[in-house]
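# Topology and contacts: notes
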Amino acid sequence: MENFFQKEVDKYIKQFEEGYWSPLSILAALTEEVGELAREINHLFGEKRKKRSSKKSIKNLEIELGDLLFTLCCIANKYGIDLEKALKKTIEKYNKRDINRWKRKSDLK
């Protein structure tokens, strides 16, 4: 694990005797965080706006993305997966699979 984010999460989790949650509990937390991110995006850009008394803000979106990233790091750490390597593999996959799928910007040809 060489990823900065993963190291920080691991350092935080290792402070506690309980350690990482069980796989299903982490998955439930991830699902919850995705829902909270969806709610914030809907409040900012969708039809379901926040009440006037509540401030809408990109700051809330930032917090929810941080929560989601933390939880993803927990899953990766639990199983010894390097997220940086995983992302690189995914980008390679998209570059091969979708090479002609999208119209490229002229300055990138």
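This section reports on the structure supplied with the text. (Residues numbered from 1 in each chain as written. Predicted model: local features only at pLDDT ≥ 70, side-chain atom pairs only at ≥ 80, totals over all residues. Heavy atoms only, no water.)

### Looking at the overall build of the protein chain
Each helix and strand counted, the protein chain has 4 helices and 0 strands in total. Tracing the protein chain from N to C terminus, the helices and strands come up as α-α-α-α. Per-residue burial over the protein chain gives 24% buried out of 109 residues. In the protein chain, 66% of the contacts between residues at least 6 apart in sequence involve partners at least 24 apart. For the protein chain, the computed accessible surface area is about 9100 Å², with 57% contributed by carbon and sulfur atoms. (Helix = DSSP H or I, 4+ residues; strand = E, 2+ residues; numbered from the N terminus. Buried < 20%, exposed > 50% of the residue type's maximum accessible area, 1.4 Å probe, protein only. Contact = heavy atoms within 4.5 Å. Areas by Shrake-Rupley, 256 points an atom, 1.4 Å probe, with all protein chains shown as cover.)

### Looking at the packing of helix α1 (residues 4-13) against helix α3 (residues 58-78)
It is at 9 Å that the axes of α1 and α3 come closest, and there the two elements cross at 80°. Between α1 and α3, the angle falls in the class roughly perpendicular. Contacts between α1 and α3 involve Phe 5, Gln 6, Val 9, Asp 10, Tyr 12 and Ile 13 from the first element and Leu 69, Phe 70, Cys 73, Cys 74, Ala 76 and Asn 77 from the second. Split by residue class, the contact of α1 with α3 holds 9 nonpolar, 2 polar and 1 charged. (Axes fitted to C-alpha atoms, helices over the stretch in contact; angles between N-to-C directions. Parallel < 35°, antiparallel > 145°, perpendicular 65-115°, else oblique. Nonpolar A, V, L, I, M, F, W, Y, C, P; charged D, E, K, R; others polar.)

### Considering the layout of surface pockets
Empty space within the largest pocket amounts to approximately 240 Å³. Lining the largest pocket are 13 residues, with Tyr 12, Ile 13, Trp 21, Phe 70 and Cys 74 positioned closest to its centre. Residue composition of the lining of the largest pocket, grouped by class: 9 nonpolar, 2 polar and 2 charged. The space that makes up the second largest pocket amounts to roughly 170 Å³. Around the second largest pocket, the lining comprises 10 residues; the ones closest to its centre are Tyr 94, Asn 95, Asp 98, Trp 102 and Arg 104. Partitioning the lining of the second largest pocket into residue classes produces 4 nonpolar, 1 polar and 5 charged. (1 Å grid on protein atoms, 1.4 Å probe; cavity = no way out; pocket = protein on both sides within 12 Å on 5 of 7 lines; lining within 4 Å. Points joined across faces, edges and corners; volume = space filled by probe spheres on them.)

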